[in-house]
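Coordinates in review
Letter by letter, the chains look like this.
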There are 2 protein chains.
Amino acid sequence: MISDKMKQAVAGSSVIRAMFEEGKKLSDIYGADNVFDFSIGNPNVEPPLSIKKAIVQILDEESPTMIHGYMNNSGYEDVREAVAQDINRKHNLGLTFKNIVMTVGAAGGMSIICRTILNPEDEVITISPFFGEYRNYVELAGGKLVVVPATPGTFELDLRAIEAAITPKTKAVIVNSPNNPTGAIYREDAIKGLADLLTRKSAELSICIYIISDEPYRELIYENIKIPYMLKHYKNSFIGYSFSKSLSLPGERIGYVAVSNEMDDFEDVMQGLNIATRILGYVNAPSLFQRVVARCLDSEVDVYAYKKNRDLLYGHLKSLGFECAKPEGAFYLWVKALIPDDNAFAEAAKKYNLLIVPGSAFGCPGYFRLAYCTSYTKIEKSLDAWTNLAKEFLSSAWSNKDFLI
Amino acid sequence: MISDKMKQAVAGSSVIRAMFEEGKKLSDIYGADNVFDFSIGNPNVEPPLSIKKAIVQILDEESPTMIHGYMNNSGYEDVREAVAQDINRKHNLGLTFKNIVMTVGAAGGMSIICRTILNPEDEVITISPFFGEYRNYVELAGGKLVVVPATPGTFELDLRAIEAAITPKTKAVIVNSPNNPTGAIYREDAIKGLADLLTRKSAELSICIYIISDEPYRELIYENIKIPYMLKHYKNSFIGYSFSKSLSLPGERIGYVAVSNEMDDFEDVMQGLNIATRILGYVNAPSLFQRVVARCLDSEVDVYAYKKNRDLLYGHLKSLGFECAKPEGAFYLWVKALIPDDNAFAEAAKKYNLLIVPGSAFGCPGYFRLAYCTSYTKIEKSLDAWTNLAKEFLSSAWSNKDFLI
């Protein structure tokens, strides 16, 4: 018999993943072309050609026992050094391989960070709506997730609300910009404000509050916006990075954690991350793909494709009367449901073969998330379905004109 | 500041991994040729050529967004089906993809199994000497490791000792054959005896005691020995498999868990493994290498190279007077230290540039482990160092003739 906790988990399994499976079932019935799956952030934009080229070159040039072998749990030193130099070039820092741990994606990164810093019952603040897996990573390490809502409408950091949530048990604040699910990007003044707040509260309470900056969408931005680099603004911060989206490699599970020398107890923290990589059963980030990303740090995917998708879908939903913030980055739309019950709304959408994720999965009922990392033609084909869905609900909404405000 | 648990972990970090790092340091000083690193099971035998061929073919034939994309957390269905059919061919079973979860190596497999079945304080029995990481995988899921010694000398399962260790909190028994570190292989009568014992005790105590069969060394056997397949002998068993050793791919983190339909609560267990893969932050086994191993299930590494290594090293150590069981599989020698303090002995060996792992790391002081997955010429070159090490201790041992018995 499975454990009690797992029984609960089986009962309330990930809505996003369940939707992904549902999409496959609907595809079998109606044909993949007629199912509009906006449920999961599985990039449709191809990885850059440099990936294939790098793989073939590595197989030709490097020793197979080295390419596929064990290395330090933190990753190959030359790969970590290449990552450090790339960060230095882009953000004018002085990192070396000692500041980098290669991870099994950002998920592996978040998990080893939590394992390294959290004592039982320690609190980790995150901003809702938030990527639901944060709860798992925090609880896996024995911590408690404390959810603080973002500023309504703009989805910016609400510093006063964050301050009110800080207690002597607060160990970290998770931020995610560009944001999943809202697409919001935190500007430099917001990050400076957060850094000041946490510096002040850390001193006041004689604790160390870390920032965990989850950055899988850093390169996916649509306007000329500069995303501040957390290590420059707050010494006790972790960067959790993933190549899943920037190079369209989500299945390969490859990312890294970056930490500044200035962090309190730097040596202990780096050794903790190293050990956590081993004891959580990751052992090391996949070896070939460590070597691949080191050769492809200058590569990028076609972000314009996502921008085109955003413009088409955002424009259409707005024209139908949906309330929705225009995403500045990532590849998600965060939309207000046309009825208060977001789960019922997602169920209703299925009638039109539209697969969406209820906002409750992000700690924020009444909304839904669309992942528009799908093909442009698929989005074009889905527009009628959106119109029909809106019609069903807007006929009743028209009788209550306040609803869409 | 890092967590209290992690502080302890940093203090008592993995001896095997520390040795691996030490080897690199000594190599910098004396040159890699003059350091004899027998500390880590990092295969020196090259992966089969089919691996490179499969990678290139997959890159040429399959869609890049599919190859590198997300899939069901349990893995690609076609890969899981290929693995199931391979098991069916070899062991005359009727598995399908539904019986298989692709994992981040055997470590990932062990971790998701423990997460799926263990309630807090549940006990998991393992047989000493044992791979030290088992403790981490069990404790990560809130369980307690209970260590039962193997039969001295032969390192067989001691069924009476196992029975004596079973309590109403016992949830599983971990077995590992061919064994790390002893190289012992459990025969069919031993496995049948264990299955009978656990069936009887499960009924007696109204519990379900699982077997977790950790099998990364299944293909590395030197004599004509048939290793029993656990799923045929005990319905409530998990196979934790890894391609790390069978295809020399340890850095790629690719393996699987196999479960029989006959297992109690089969559907719940498989869903639990799927969810555990996600919530432990693995998300899925690395995608390209799932597809690679599916094409290479008939490939094998040159086991004869390991056999030659075993014969040379075993023969030399025995001629020097070391007490040591002849390994039937895997690539480790398990040797009695020449003084009771195995840590001191490993320290002494360093003087001769010999890196070995003290038996304490395997729950069995007074011994040490050698990983002979290194080059034959390196082993040849190390023979004098072994002779010198033995001389240092045997001169005193000769004055106490009982010592080596």
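These notes cover the structure that comes with them. (Residues numbered from 1 in each chain as written. Chains lettered and ligands numbered in written order. Predicted model: local features only at pLDDT ≥ 70, side-chain atom pairs only at ≥ 80, totals over all residues. Heavy atoms only, no water.)

Description of the overall build of chain A
Quick reminder of the rule: The way it works is that DSSP assigns letters per residue, a run of H or I at least four long becomes a helix, a run of E at least two long becomes a strand, and they are numbered from the N terminus. Atoms counted for the radius of gyration: C-alpha only. Globule rule: 2.2 Å times the number of residues to the power 0.38. Exposure categories follow from relative accessible area, calculated using a 1.4 Å probe and restricted to protein chains: below 20% of the type maximum is buried, above 50% is exposed, and the middle band is partly exposed. Whether two residues touch is decided by their heavy atoms; if any such pair falls within 4.5 Å, the residues are in contact. Where accessible areas are quoted, they stem from the Shrake-Rupley method and a 1.4 Å probe; at the residue level, only the protein chains shown are allowed to cover.
If you tally the helices and strands in chain A, you get 15 helices and 12 strands. Relative to the 2.2 N^0.38 estimate, which gives 22 Å for 405 residues, the radius of gyration of chain A is 22 Å and therefore close to what a compact globule would have. In terms of overall dimensions, chain A has a C-alpha envelope of 65 × 55 × 55 Å along the principal axes. Looking at the 405 residues of chain A, the share that counts as buried comes to 62%. Put simply, of all contacts in chain A between residues at least 6 apart along the chain, 73% involve residues at least 24 apart. On chain A, roughly 14800 Å² of surface is accessible, and the fraction owed to carbon and sulfur atoms is 51%.

Describing the relation of the copies chain B and chain A
Heads up, the condition is: C-alpha atoms of residues with pLDDT of at least 70 in both copies form the basis for the least-squares superposition of the copies.
When chain B is fitted to chain A, the best match, at an RMSD of 0.0 Å, comes from turning it 180 degrees and sliding it 0.0 Å along the axis. The transformation just described matches what one would write down for a two-fold rotation axis. Both copies contact each other with a shared surface, as 100% of the interface residues of chain B are interface residues in chain A too.

Here's the deal with the interface of chain B and chain A
The parts lose accessible area when they come together, and the size of an interface is often stated as this lost area. Operational definition: Note on terms: buried area is the combined drop in 1.4 Å-probe accessible area of two parts once they are placed together, counting the loss on both. In the sections that follow, a salt bridge refers to a side-chain nitrogen of Lys or Arg positioned within 4 Å of a carboxyl oxygen of Asp or Glu. Here a polar contact is recorded for every N or O atom pair within 3.5 Å, except that within protein the pair must consist of a potential hydrogen donor and a potential acceptor, and residues adjacent in sequence are included only if both atoms are side-chain atoms. Under the convention adopted here, Pro, Cys and the residues Ala, Val, Leu, Ile, Met, Phe, Trp and Tyr are nonpolar, Asp, Glu, Lys and Arg are charged, and Gly plus all remaining residues are polar.
Taken together, the contact pairs 79 residues of chain B with 79 residues of chain A. Carbon and sulfur atoms make up 55% of the area that chain B and chain A hide from each other, which totals about 6300 Å². Across the contact surface, chain B and chain A share four salt bridges. Between D60 of chain A and K52 of chain B there is a salt bridge whose closest N-O contact spans 2.8 Å. Viewed at the interface, chain A and chain B are joined by 32 residue pairs in polar contact (both at pLDDT 80 or more). Mapped by element, the contributors of at least two residues to the side of chain B that touches chain A are helix 1 (4-11), helix 2 (15-30), helix 3 (49-61), helix 4 (64-67), helix 6 (105-117), helix 7 (133-140), helix 11 (266-279) and helix 12 (287-295) of chain B. Here the side of chain B that touches chain A takes eight residues from helix 11 of chain B, the largest share from any one element. Of the residues contributing to the side of chain B that touches chain A, the split by class is 38 nonpolar, 23 polar and 18 charged.

Looking at the packing of aromatic side chains
To keep it simple, the criterion reads: When the centres of two rings from Phe, Tyr and Trp lie within 6.5 Å, Trp using its six-membered ring, the rings pair. Their planes under 30 degrees apart give stacked, over 60 give edge-to-face, and anything left gives tilted. By definition here, charges over rings are those cases where NZ of Lys or CZ of Arg is within 6 Å of the ring centre and within 35 degrees of the ring normal.
Counted according to the given criterion, the structure contains 39 aromatic pairs over all chains. An angle of 5 degrees between the planes, with centres 5.2 Å apart, marks the rings of W334 of chain A and Y367 of chain A as stacked. Of the two residues, W334 of chain A is situated in strand 9 (residues 332-336) and Y367 of chain A in strand 12 (residues 367-371); the sequence distance between them amounts to 33 residues. Comparing W334 of chain A with Y367 of chain A, the two get one shared label, buried. Centre to centre, the rings of F368 of chain B and W386 of chain B are 6.1 Å apart; their planes meet at 15 degrees, and the pair counts as stacked. Remark: W386 of chain B occurs in helix 15 (residues 376-397) and F368 of chain B occurs in strand 12 (residues 367-371); sequence separation between them is 18 residues. Both residues of the pair, F368 of chain B and W386 of chain B, count as buried. Each residue in the set F38, F322, F345, F368, W386 and F393 of chain A is aromatic and connected to the rest through ring pairs, giving one cluster. A cation over a ring is seen here: R291 of chain A above Y76 of chain A, with NZ or CZ 4.5 Å from the ring centre.

Focus: the sheet that holds strand 6 (residues 210-214) of chain A
Note on sheets: strands pair through backbone hydrogen bonds, and any given pair is parallel or antiparallel. All names here are of chain A. Just so we agree on the cut-off: Should DSSP find at least two bridges between two strands, the strands are regarded as paired. Between the N-to-C directions of two axes lies an angle of 0 to 180 degrees, each axis being a line fitted to C-alpha atoms and, for a helix, fitted only over the stretch in contact.
Strand order in this open sheet of seven strands is 2-8-7-6-5-3-4, and the pairing throughout is mixed. Pairing within the sheet leaves two strands with one partner each, and these edge strands are strand 2 (100-103) and strand 4 (144-149). Neighbour-to-neighbour, the strand axes of this sheet turn through a mean angle of 25 degrees, independent of strand direction. Relative to strand 8 (residues 255-259), strand 2 is paired through four bridges, and the arrangement is antiparallel. For T103, the partnering residue across the bridge sits in strand 8 and is G255.

Some words on the sheet that holds strand 9 of chain A
All names here are of chain A. A sheet is described by the order of its strands in space; here three strands give the open sequence 9-12-11, paired in antiparallel fashion. If you trace the sheet from one side to the other, it starts and ends with strand 9 and strand 11 (357-358), each paired once. Summarising the sheet, strand 11 and strand 12 pair through two bridges and their orientation is antiparallel. Opposite P358, over in strand 12, you have F368 as the bridge partner. In this fold helix 13 (residues 303-320) packs onto strand 9 and strand 12, with an angle of close to 10 degrees to the strand it touches most, strand 9.

Overview of the nonpolar core
Cut-off, in case you're wondering: Within this scheme, the nonpolar core is defined by two criteria: the residues are buried Ala, Val, Leu, Ile, Met, Phe, Trp, Tyr or Cys, and they are joined through side-chain atoms within 4.5 Å.
I55 of chain A together with I55 and Y256 of chain B are the most contacted members of the largest nonpolar core, which totals 120 residues. Look past the residues within four positions of I55 of chain B in its chain and what remains in contact with it is I55, L59, H68 and L288 of chain A together with L288, F289 and V292 of chain B.

Topic: the pattern of salt bridges
What the rule picks out here adds up to 46 salt bridges over all chains. Between K235 of chain A and D264 of chain A there is a salt bridge whose closest N-O contact spans 2.9 Å. In this pair, K235 of chain A is assigned in the loop between helix 10 (230-233) and strand 7 (237-242) and D264 of chain A in the loop between strand 8 and helix 11 (266-279), connecting sequence segments 29 residues apart. Taking the relative accessible area as the measure of exposure, K235 of chain A reaches 42% and is therefore partly exposed. Across the pair E204 of chain B and K201 of chain B runs a salt bridge, and its minimum N-O distance is 3.2 Å. Of this pair, E204 of chain B and K201 of chain B both sit in helix 9 (residues 188-205), three residues apart, roughly one helical turn.

Some remarks on unusual backbone geometry
All names here are of chain A. Residue P129 follows S128 across a cis peptide bond; omega there is -5 degrees. With an omega of 20 degrees, the peptide bond between N180 and P181 qualifies as cis. Tracing the sequence through the fold places P181 in the loop between strand 5 (170-175) and helix 9 (188-205). You will see that N92, though not glycine, has its phi angle at about 55 degrees, which is positive. Among the secondary structure elements, N92 is positioned in the loop between helix 5 (77-91) and strand 2. Positive phi is not limited to glycine here, since S206 has a value of about 55 degrees.

What to know about the pairing of strand 4 (residues 144-149) of chain B
All names here are of chain B. Going by this rule: Every crossover in which the path from the first strand over the helix to the second runs clockwise, viewed with the strands pointing away from the viewer, is termed right-handed.
As paired elements, strand 3 (residues 123-128) and strand 4 share six bridges and run parallel to each other. Considered in strand 4, the bridge of I125 is made with V146. For the crossover from strand 3 across helix 7 to strand 4, the handedness is right-handed.

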